[in-house]
Amino acid sequence: SCIGGEIGATISMGSEGRLDEMLFGETCGKIVVSVAPENQATFEAHLKANLAGNWHKIGEVNDSNTLEIASLINVSVADMTTSWSEAIARRLHA
């Protein structure tokens, strides 16, 4: 979403568990969704009604042009875009 939307985000993470699992672990049945501010209340009401305590907000989209994850990662959207768009070419020339 940061690369495609050219927007930043600030993400917080829980303190339980291993850091590598929180950042890179894959588990069944989890998704990340971004919702426009004008739709947030309606979306959260739907989640509360249908998913009870099985969801939580982890962050916010912002206009900082950076992705910050739990004060551990702070990278500009421009740097992420460059790394992503040039990854195959860099690997082929390595």
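Whatever comes next refers back to the structure up there.
Of the regular secondary structure elements, the protein holds five helices and four strands. Seen in sequence order, the protein has helices and strands lined up from the N terminus as α-β-α-α-β-β-β-α-α. For a compact globule of 94 residues, the expected C-alpha radius of gyration is about 12 Å, and the protein comes in at 16 Å, more than 25% above that figure. When its C-alpha atoms are laid out on the principal axes, the protein stretches across 50 × 30 × 25 Å. Here the protein, with 94 residues, has 10% of them falling under the buried criterion. Summarising the internal contacts of the protein: among those between residues at least 6 apart in sequence, 63% fall at separations of at least 24. Surface accessibility of the protein: about 7,600 Å² in total, with carbon and sulfur atoms responsible for 56%. Each charge class in the protein was averaged separately, 6 positive and 12 negative side chains, and the resulting centres sit 7 Å apart.

This paragraph deals with the pairing of strand β3 (residues 66-69). Burial of the side chains of β3 is restricted to one face: Leu67 and Ile69 are buried, whereas none of Thr66 and Glu68 on the reverse face is. As paired strands, strand β1 (residues 8-11) and β3 are joined by three bridges and run parallel to one another. Among the inter-strand pairings, Ile11 is bridged to a residue of β3, identified as Ile69. Sheet analysis places β3 next to strand β4 (residues 73-76), joined by four bridges and oriented antiparallel. In the sheet register, Glu68 faces β4, and the bridge partner there is Asn74. What sits between β3 and β4 in their antiparallel hairpin is a turn of three residues, with Ala70 showing a positive phi close to 50 degrees.

Attention shifts here to the side chain of Glu44. As for its position among the elements, Glu44 is in helix α3 (residues 40-51). For the buried Glu44, which has no salt bridge, the nearest side chain bearing the opposite charge is Lys48, at an N-O separation of 4.8 Å. Ignoring any residue separated from it by four or fewer positions in sequence, one finds Glu44 in contact with Trp55 and Lys57.

Across all of its chains, the model carries three salt bridges by this definition. For Glu21, the salt bridge goes to Arg18, with nearest N and O atoms at 3.5 Å. For Arg18, a relative accessible area of 49% corresponds to the partly exposed category. The salt bridge partner of Lys57 is Glu60, with a shortest N-O separation of 3.1 Å. On the accessibility criterion, Lys57 (42% relative accessible area) is partly exposed. Connected through salt bridges with shared partners, the residues Arg18, Asp20 and Glu21 form a single ionic network.

Okay, a nonpolar patch on the surface next. On the surface, Ile31, Val33, Val35 and Phe43 cluster together to form a nonpolar patch covering roughly 350 Å² of accessible area. Within the secondary structure layout, Ile31 lies in the loop between α2 (19-24) and α3.

Ranked by size, the top nonpolar core spans six residues in total: Cys2, Ala9, Leu67, Ile69, Val77 and Met80. Once residues lying within four places of it in the same chain are set aside, the contact partners of Ile69 are Ile11, Met13 and Leu23.

What counts, and where the lines are drawn
- Residues numbered from 1 in each chain as written.
- Predicted model: local features only at pLDDT ≥ 70, side-chain atom pairs only at ≥ 80, totals over all residues.
- Heavy atoms only, no water.
- Helix = DSSP H or I, 4+ residues; strand = E, 2+ residues; numbered from the N terminus.
- Rg over C-alpha atoms; globule rule 2.2 N^0.38 Å.
- Buried < 20%, exposed > 50% of the residue type's maximum accessible area, 1.4 Å probe, protein only.
- Contact = heavy atoms within 4.5 Å.
- Areas by Shrake-Rupley, 256 points an atom, 1.4 Å probe, with all protein chains shown as cover.
- Lys, Arg positive; Asp, Glu negative; His and termini not counted.
- Charge placed at Lys NZ, Arg CZ, Asp CG, Glu CD.
- Pairing = 2+ DSSP bridges.
- Salt bridge = Lys/Arg side-chain N within 4 Å of Asp/Glu carboxyl O.
- Patch = residues over 30% accessible without salt bridge, like charges linked within 9 Å, V, L, I, M, F, W, Y side chains within 5 Å.
- Core = buried A, V, L, I, M, F, W, Y, C linked by side-chain atoms within 4.5 Å.

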